[in-house]
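Understanding the architecture of this molecule
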Amino acid sequence: MERAVKAAVAAGGGAGRKAAVAAVQFACTDVEAENVDTAERLIREAHKKGAKIVLVQELFEGHYFCQAQRLDFFHRAKPYKGNPTIIRMQQLAKELEVVIPVSFFEEANNAHYNSVAIIDADGTDLGLYRKSHIPDGPGYQEKFYFNPGDTGFKAFKTKYATIGVGICWDQWFPECARAMALQGAEILFYPTAIGSEPQDGNLDSREHWKRVMQGHAGANLVPLVASNRIGRETVETEHGKSSITFYGNSFIAGPTGEIVKLANDKDEEVLVAEFDLDEIKAIRHGWGIFRDRRPDLYKVLLTLDGEK
């Protein structure tokens, strides 16, 4: 069986339904137009390399502002409908015939969300996912800005594959990945902004970060794509300056959790890998991980303290 799995995930193998996916990573400036230009340039590069679904990092329009709790940063938020970055990515998706999940800071009347719009290969906006798990800690003070997402976990049927998209902190929760896979997601995508910890320079989470997501891929037998930013960003906070060095390491994992493409921690990169989704689907079914589930025993997962 393991031999069959390896055969199924080999790029270019078999004659089934194939999907080429990409993760891009780059250093953000704090000028929105520059970052959107960079995102478009790298999406075009990924397309030239054959990618059909291209993932750009979390909140790529500017610096990761959640290092601070500042009222003026709420001005960075924009409504979902009529959002100029989303409209531009719709035009690009239609031109290149690629799928693009677009991360943005959403303003919805008096609510604010860390959101992703899923743009299909014809430029159609397939809908919105709002980040469900919101972190709160030194350097990553997202609860100040974002309401907990209310969309629930989703699977989006695109031209090339049914995909699930979580956002950064979501990637640490196996329930998120499983929920998307249960709804038919064939590939999982996680736009990310993660790096050093301002309160502890000795803490480096990059290997832990990768292993957790590799586990999601292996546990659900689906490929997984993670895009993270690079570079050092300094933000003026209410307590002085705070800096994070983002560690990149964007990667693409195969359906047994193996890393098939990996970026480094310093360079702008475009990673591309191709998977045969029909072969992977057959192996996922044959492995029995969804056949042998016991939802009747999982009610404890609906509690916070483990008490039924």
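Rules used in this analysis
Residues numbered from 1 in each chain as written. Predicted model: local features only at pLDDT ≥ 70, side-chain atom pairs only at ≥ 80, totals over all residues. Heavy atoms only, no water. Helix = DSSP H or I, 4+ residues; strand = E, 2+ residues; numbered from the N terminus. Buried < 20%, exposed > 50% of the residue type's maximum accessible area, 1.4 Å probe, protein only. Pairing = 2+ DSSP bridges. Axes fitted to C-alpha atoms, helices over the stretch in contact; angles between N-to-C directions. Contact = heavy atoms within 4.5 Å. Patch = residues over 30% accessible without salt bridge, like charges linked within 9 Å, V, L, I, M, F, W, Y side chains within 5 Å. Areas by Shrake-Rupley, 256 points an atom, 1.4 Å probe, with all protein chains shown as cover. Salt bridge = Lys/Arg side-chain N within 4 Å of Asp/Glu carboxyl O. Phe/Tyr/Trp six-rings, centres within 6.5 Å; stacked < 30°, edge-to-face > 60°. Polar contact = N/O pair within 3.5 Å; in protein donor to acceptor, adjacent residues only side chain to side chain. pLDDT = per-residue confidence, 0-100.

Phi angles above zero are rare outside glycine, and Glu 97 is one such case at about 60 degrees. Within the secondary structure, Glu 97 sits in the loop between α3 (84–96) and β3 (100–108). Given a relative accessible area of 41%, Glu 97 falls into the partly exposed group. In this structure, Asn 109 takes a positive phi of about 55 degrees despite not being glycine. When you line up the elements, Asn 109 lands in the loop between β3 and β4 (111–119).

What follows covers the sheet that holds strand β1 (residues 18–25). Read across the open sheet, the three strands follow the order β2-β1-β16; overall the sheet is mixed. A strand with exactly one partner marks an edge of an open sheet, and here the two such strands are β2 (53–55) and β16 (269–276). Adjacent strand axes in the sheet meet at a mean angle of 20 degrees when their direction is disregarded. Examined bridge by bridge, β1 and β2 share three bridges and lie parallel to one another. When the bridges of β2 are listed, Ala 23 appears paired with Leu 55. Most of the contacts of helix α2 (residues 32–48) go to β16, to which it runs at about 40 degrees, and overall it touches β1, β2 and β16.

To continue, consider a nonpolar patch on the surface. Taken together, the side chains of Leu 297, Tyr 298, Val 300 and Leu 301 make up a nonpolar region of the molecular surface, amounting to roughly 350 Å² of accessible area. As for its placement among the helices and strands, Val 300 is situated in the segment after α6 (277–287).

Attention now moves to the packing of aromatic side chains. Within the structure shown, the criterion is met by 19 aromatic pairs. A centroid spacing of 6.5 Å and a plane angle of 45 degrees characterise the contact between Phe 74 and Phe 105, whose relative ring orientation is tilted. Residue Phe 74 is located in the loop between β2 and α3, and its partner Phe 105 is located in strand β3; the two are separated by 31 residues in the primary sequence. On the basis of relative accessible area, Phe 105 is assigned to the buried category, the value being 3%. For the ring pair Phe 105 and Phe 146, a centre distance of 5.2 Å and an interplane angle of 90 degrees mean the geometry is edge-to-face. Remark: Phe 146 occurs in the loop between β7 (140–141) and β8 (156–157) and Phe 105 occurs in strand β3; sequence separation between them is 41 residues. Comparing Phe 105 with Phe 146 shows no difference in burial state: the two are buried.

Turning next to the environment of Asp 296. Structurally, Asp 296 is set in the segment after α6. The exposure class of Asp 296 is partly exposed, given its relative accessible area of 42%. Spatially, the C-alpha atoms of Asp 296 and Met 89 are 42 Å apart, while their sequence positions differ by 207 residues. A distance of 2.7 Å separates polar atoms of two side chains, one belonging to Asp 296 and the other to Arg 294.

Time to look at the pairing of β4. Consecutive residues of a regular strand have side chains that alternate between opposite faces of the sheet. Extensive coverage of β4 is indicated by the burial of nine of its nine residues. Burial of the side chains of β4 extends over both faces: Ala 111, Tyr 113, Ser 115, Ala 117 and Ile 119 are buried on one face and His 112, Asn 114, Val 116 and Ile 118 on the other. In the sheet, β3 pairs with β4 via nine bridges, with the strands oriented antiparallel. In the sheet register, Ala 108 faces β4, and the bridge partner there is Ala 111. Between β3 and β4, which follow one another and run antiparallel, lie two residues, and Asn 109 among them has a positive phi close to 55 degrees. Note: β4 against strand β5 (residues 125–130), five bridges, orientation antiparallel. The partner of Ala 117 across the bridge, within β5, is Leu 128. Taking the residues between adjacent antiparallel strands as the criterion, β4 and β5 are bridged by five residues, where Gly 123 takes a positive phi near 90 degrees.

Reading predicted coordinates in detail is not appropriate for stretches of low pLDDT. When pLDDT is averaged along the protein, the result is 95, and 95% of the positions lie at 70 or above. Note that residues 8–13 has pLDDT below 50 and, in this model, 15 contacts with residues that lie over four places away or in other chains.

Before going further, it helps to examine the sheet that holds β4. Strand order in the open sheet formed by three strands is β3-β4-β5, and the pairing between neighbours is antiparallel. Each edge of the open sheet is held by one strand with a lone partner, namely β3 and β5. On average, each strand axis in the sheet is tilted by 30 degrees relative to the strand beside it, whichever way the strands run. Relative to β3, α3 is tilted by about 160 degrees, and along the sheet it contacts β3, β4 and β5.

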